[in-house]
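# Topology and contacts: notes
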Amino acid sequence: MMGKAPRLRINKLVFMDRDDGSASLEFPASLSFVYGASNTGKSFAVKAIDFMMGGSRELPNIVERHPYSRVHLHLAVDDTPIVLDRFIGGGDFLLKPDDGSERVLSARHSAENDANLSNYLLRSLDIEGRELAKDKSGTKKPLSFRDIVRFCITDETAIQSETSPVESGDKILQQVERNTFKYLLTGVDDSALITQEKPAEFRTGKSAQLRFITEMLAQIEIEIAEDFPDIDQLDELQESVEDELKAVEQDIVAARGSVRAALERKRLLTNQLSSDQQRVNDIAITLENFDQLQRVYISDIARLEALEEAGFLFGMDANKACPVCGAPPEAQVHDHGLVEIGRARAAAEAEIAKIRLHQSELQKTTEAAQSELVAAGDRLLENRGQLATVEAELRTASPNADDQQRRFAEIIPKRDRINHGLSLLQRRDELERQQKRVESAKQVRPKTNFQPGLSFQTAQEFADEVSNVLTAWGFPGDKRVQFDMQSYDVVIGGKHRKDNGKGVRAITHAAFKVAMLTFCRGRSLPHPGFLVLDTPLITYRDPIRSPLGALSADERAITQTNLKEAFFKHLAGLGHLGQVILFDNADPPPGADAYAYIETFTNDPDQGRQGLFTVPRPPIEEDLIG
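Residues numbered from 1 in each chain as written. Predicted model: local features only at pLDDT ≥ 70, side-chain atom pairs only at ≥ 80, totals over all residues. Heavy atoms only, no water.

### Structural notes on helix H1 (residues 42–52)
With eight of eleven residues buried, H1 lies mostly within the body of the structure. Immediately downstream of H1, the backbone of Gly54 shows phi near 105°, a positive value. (Buried < 20%, exposed > 50% of the residue type's maximum accessible area, 1.4 Å probe, protein only. Helix = DSSP H or I, 4+ residues; strand = E, 2+ residues; numbered from the N terminus.)

The structure is reproduced here in structure tokens:
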């Protein structure tokens, strides 16, 4: 990892009541020390910090917390302040950045959803999207902030435990915890690891496959026995049925071709009949019209001939005595319109000639129409005869086509039964081959896969860092440290850490976690940059009043050194690397308030701060007087 790694800082823990009152605990310095009597809320504060870092375990239901409904944790991502707000009973978070906005973050980690606290904090530390191996087969899970924060917050139980500081004691989580430790010390996650099938999963899968194949084979054998007594003859039957089917298909094609041709002829004849019938009807109407026109011509000629004859008669009587007055022709003054009569006769003769010409033309057209009518009638008769013949052919062909179709419908089920039987044989053969392959299959592990976990070199470099921390604290005895790859714990001076008394286990656990801070932050590796330790100094307990009892020999050896003073001064000097918050019953060394922020829980309502949820009462009149 290149460059300076981002870091988190805890500034203040606040409990809000329903009336906006609060109880708060501040951590203004790089080293903050909260100490005092038991049952004053120190361990509760540690649990509350873990709770506000995404912990799912509900806070202890102590009486003192009942007035409070919400918890605020004031953080800084590098120099950017944020506030996390959560209901004291649990649930999602309300993120309040410094810009005044608000955003809901789920308490449950999800690699696919950015709207959760874990992803938000991982992104703030620039380590989002990493993966961890859950087992030796390389099954992976997304890195969550909860995987990391357990190396930053240590409660009273864990710090005294014989379990490695790397592990929680849950065997199911052991591989993830060890790989998280490796990631913090190296900056290399397990995303490149090739996931292998676990031997148990391989055996289970193999057994399941064989069981499935056996069941399938049994079903096939039952179906063959019940439905295919002629199973050995199916190949021959298939050839016979296919030949028969081809012959029927050819007959059907031929029959359909014949029917199609007859239908096409019928269509053409029907169209022609319709056309000819329409033409006959049209000609008949036309001839009727011609006949009416002929009668009009005859009537017109008769009328004109009468006019012409009357004019002729008038002209013959023109030179006779007047029938009216008896005057002789030479004595008559009027000519009685003889000129007009002559003209009328001439016009009638001309019109008669014109009509006779039209009559002649009409006669020719009528004769042509009559000829066409005769031809159309002949075609009608001929086509009707042909249509009757085609319909007879269709009546003959249709039963034959229906018969072929019935034969086809009878053969298809036979063919399908034979094909199904042959398919069963094929499936049986394939399943038997598959059964042999599965029975002989062996798990093959890729040779290119690297083993997850910490290298010996990195482990020893970290052990040397633990040794440096113990030396800085003035830890008594041999400070040579080795890392035990079996227990993932340290061996100090040839003695396993877990084999010491509670107090020594606590101080060496603290050294382990501090060494992680200095090792990672000094190399810009992905450590959040803060530590919260609960009772690392239980060695300095009162051997009579403490429930932990008398001191062991190794604990007494520590109390006879200046380890406490060196411990505080060393931690106070780590401000450039990170923040350390301590909770303990032991008193701080003299003068510690010069380089550390000290908060005292007195468990006395009349003196200082009584505890986490109680603050000094205001002075009363008697105090001022007295």
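After that view of the structure, there is still more to cover.
### Describing the side chain of Asp147
Locating Asp147 in the fold gives a position in helix H3 (residues 145–149). A residue is classified by how much of its surface remains accessible, and Asp147, at 13% relative accessible area, is buried. One polar contact links Asp147 to Lys141, side chain to side chain, over a distance of 2.7 Å. Engagement of the side chain of Asp147 in a polar contact is seen with the backbone nitrogen of Ser144, the distance being 2.9 Å. (Polar contact = N/O pair within 3.5 Å; in protein donor to acceptor, adjacent residues only side chain to side chain.)

### Considerations on helix H9 (residues 456–473)
Since the α-helix packs 3.6 residues into each turn, any two residues three or four apart lie on the same face. The end-to-end C-alpha distance of H9 is 26 Å, a good match for the 26 Å that 18 residues give at a rise of 1.5 Å each. A positive backbone phi angle near 70° is found at Gly474, which sits one or two residues after H9. (Expected span 1.5 Å × (residues − 1).)

### Some points on the pairing of strand S11 (residues 481–484)
By the bridge criterion, four bridges tie S11 to strand S12 (residues 489–492) in an arrangement that is antiparallel. Across the sheet, the residue bridging to Asp484 is Asp489, located in S12. (Pairing = 2+ DSSP bridges.)

### Thoughts on the sheet that holds strand S6 (residues 93–97)
The six strands lie next to each other as S2-S1-S4-S5-S6-S7, forming an open sheet whose pairing is antiparallel. Each having just a single partner strand, strand S2 (22–26) and strand S7 (103–105) make up the two edges of the open sheet. Each adjacent strand pair in this sheet contributes to an overall mean axis angle of 25°, direction not counted. Sheet strands touched by H1: strand S1 (8–17), S2, strand S4 (68–77), strand S5 (80–87) and S6. Its angle to S1, the strand with the most contacts, is close to 105°. On the sheet, helix H2 (residues 117–124) packs against S1, S4, S5, S6 and S7 and is oriented at approximately 105° with respect to S7. (Axes fitted to C-alpha atoms, helices over the stretch in contact; angles between N-to-C directions. Contact = heavy atoms within 4.5 Å.)

### Some thoughts on the state of the cysteines
Disulfides are covalent bonds that connect the sulfur atoms of two cysteines. Throughout the structure, instances matching the rule amount to zero disulfides. Cysteine Cys152 remains unbridged, with the sulfur of Cys520 as its closest cysteine sulfur at 9.1 Å. A residue is classified by how much of its surface remains accessible, and Cys152, at 0% relative accessible area, is buried. Judged by its relative accessible area of 0%, Cys520 falls in the buried class. (Disulfide = S-S within 2.5 Å.)

### A closer look at the layout of surface pockets
The computed volume of the largest pocket comes to approximately 1300 Å³. Along its surface, the largest pocket is lined by 38 residues, and Asp50, Arg57, Arg146, Arg150 and Ser168 are the ones closest to its centre. Those elements that place two or more of their residues in the lining of the largest pocket are H1, H3, strand S10 (153–154), helix H4 (156–160), helix H5 (174–186) and helix H10 (502–522). For the lining of the largest pocket, the element with the most residues is H1, which contributes four residues. Taken together, the residues of the lining of the largest pocket break down into eleven nonpolar, 13 polar and 14 charged. (1 Å grid on protein atoms, 1.4 Å probe; cavity = no way out; pocket = protein on both sides within 12 Å on 5 of 7 lines; lining within 4 Å. Points joined across faces, edges and corners; volume = space filled by probe spheres on them. Nonpolar A, V, L, I, M, F, W, Y, C, P; charged D, E, K, R; others polar.)

### A closer look at the sheet that holds strand S14 (residues 530–534)
In a beta sheet, neighbouring strands are held together by backbone hydrogen bonds and run either parallel or antiparallel to one another. Reading across the sheet, the five strands line up as S10-S14-S15-S3-S16 and stay open at both edges, with parallel pairing between neighbours. Of all strands in the sheet, those bounded by a partner on one side alone are S10 and strand S16 (597–601). Of the strands in this sheet, strand S3 (31–36), S10, S14, strand S15 (579–584) and S16 touch H1, which is tilted by about 145° from S15.

### Considering the pairing of S5
In the sheet, S4 pairs with S5 via eight bridges, with the strands oriented antiparallel. Within S5, the position partnered with Val71 by the bridge is Arg86. With antiparallel pairing between neighbouring strands as the criterion, S4 and S5 make up a hairpin whose turn holds two residues, including Asp78 at a positive phi of roughly 55°. Bridge count between S5 and S6: five bridges; the pairing is antiparallel. By the bridge assignment, Val83 is partnered in S6 with Lys96. The turn joining S5 and S6, which pair antiparallel and follow one another in sequence, is formed by five residues; a positive phi near 115° is taken by Gly90.

### What to know about the packing of aromatic side chains
According to the stated counting rule, one finds 19 aromatic pairs in the structure shown. Taking the centre distance of 5.4 Å and the plane angle of 70° together, the rings of Phe44 and Phe613 count as edge-to-face. Taken together, the residues Phe44 in helix H1 and Phe613 in the loop between S16 and helix H13 (621–625) connect sequence positions 569 residues apart. Of the residues examined, Phe613 reaches a relative accessible area of 13% and is grouped as buried. (Phe/Tyr/Trp six-rings, centres within 6.5 Å; stacked < 30°, edge-to-face > 60°.)

### Examining the side chain of Arg505
Checked against the element boundaries, Arg505 lands in helix H10. Not counting the four nearest positions on each side in its chain, Arg505 is found in contact with Ile159, Gln160, Ser161, Glu162, Arg497, Lys498 and Asn500.

### Description of unusual backbone geometry
Here Asn39, not a glycine, exhibits a phi torsion of approximately 60°, which is positive. In this structure, Asn39 sits in the loop between S3 and H1. Phi angles above zero are rare outside glycine, and Ser524 is one such case at about 55°. Inspection of the secondary structure puts Ser524 in the loop between H10 and S14. Given a relative accessible area of 17%, Ser524 falls into the buried group.

### Regarding the environment of Ala353
Tracing the backbone through its elements, the reader meets Ala353 in helix H8 (residues 338–440). Residues Ala353 and Ile301 lie 52 residues apart in sequence; the distance between their C-alpha atoms is 8.8 Å.

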